Amino acid sequence: MSKQYKKLQNKLHPKVVKQEPKYKEGKDYLLLIMIGITFVLTFVGWEHFDNTNRAMYFLLTLSLTLTYLYRHAGFSDKIKAYVNAASLGSIGLAVALFLINLYYQFFG
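First, a word on scope: everything that follows refers to the structure included in this document. (Residues numbered from 1 in each chain as written. Predicted model: local features only at pLDDT ≥ 70, side-chain atom pairs only at ≥ 80, totals over all residues. Heavy atoms only, no water.)

1. Remarks on the pattern of salt bridges
Should the charged atoms of two oppositely charged side chains come close, the side chains can pair.
Now for step 1: Summed over all chains, the structure comprises one salt bridge.
Now for step 2: The partner of Asp-28 in a salt bridge is Arg-71, with the nearest N and O atoms 3.2 Å apart. Here Asp-28, found in the loop between helix H1 (2-12) and helix H2 (29-44), pairs with Arg-71, found in helix H3 (residues 51-72); they are 43 residues apart in sequence, far enough to count as distant.
Now for step 3: Classification of Arg-71 as partly exposed rests on a relative accessible area of 41%. (Salt bridge = Lys/Arg side-chain N within 4 Å of Asp/Glu carboxyl O. Helix = DSSP H or I, 4+ residues; strand = E, 2+ residues; numbered from the N terminus. Buried < 20%, exposed > 50% of the residue type's maximum accessible area, 1.4 Å probe, protein only.)

And the structure:
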């Protein structure tokens, strides 16, 4: 009798399962604007830049694009790790080239 009562009670008032809120992906408009700006700067200034500036802007554009792909492409976890590592590596190289460029501009 008690089993039937519990079944009836579960049908009338089912237990609410708590669901964790899902991560809502944004559109990343700022990231898209920054990708566009760096692409335009790279394209327009290509003939005016020296090789270190060209490489720096190219790596910066690549890093921002890889960051966008990491956030919005439907990659597996293994590929996401590679994309994230490539993004961090390219931004690190871009910062290193920026510091080298500063050194040559002011002290070289």
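2. Here's the deal with the side chain of Ser-63
Now for step 1: Residue position: Ser-63 is located in helix H3.
Now for step 2: Assessed through its relative accessible area of 4%, Ser-63 is described here as buried.

As far as function goes, none of this settles anything; it's purely spatial.
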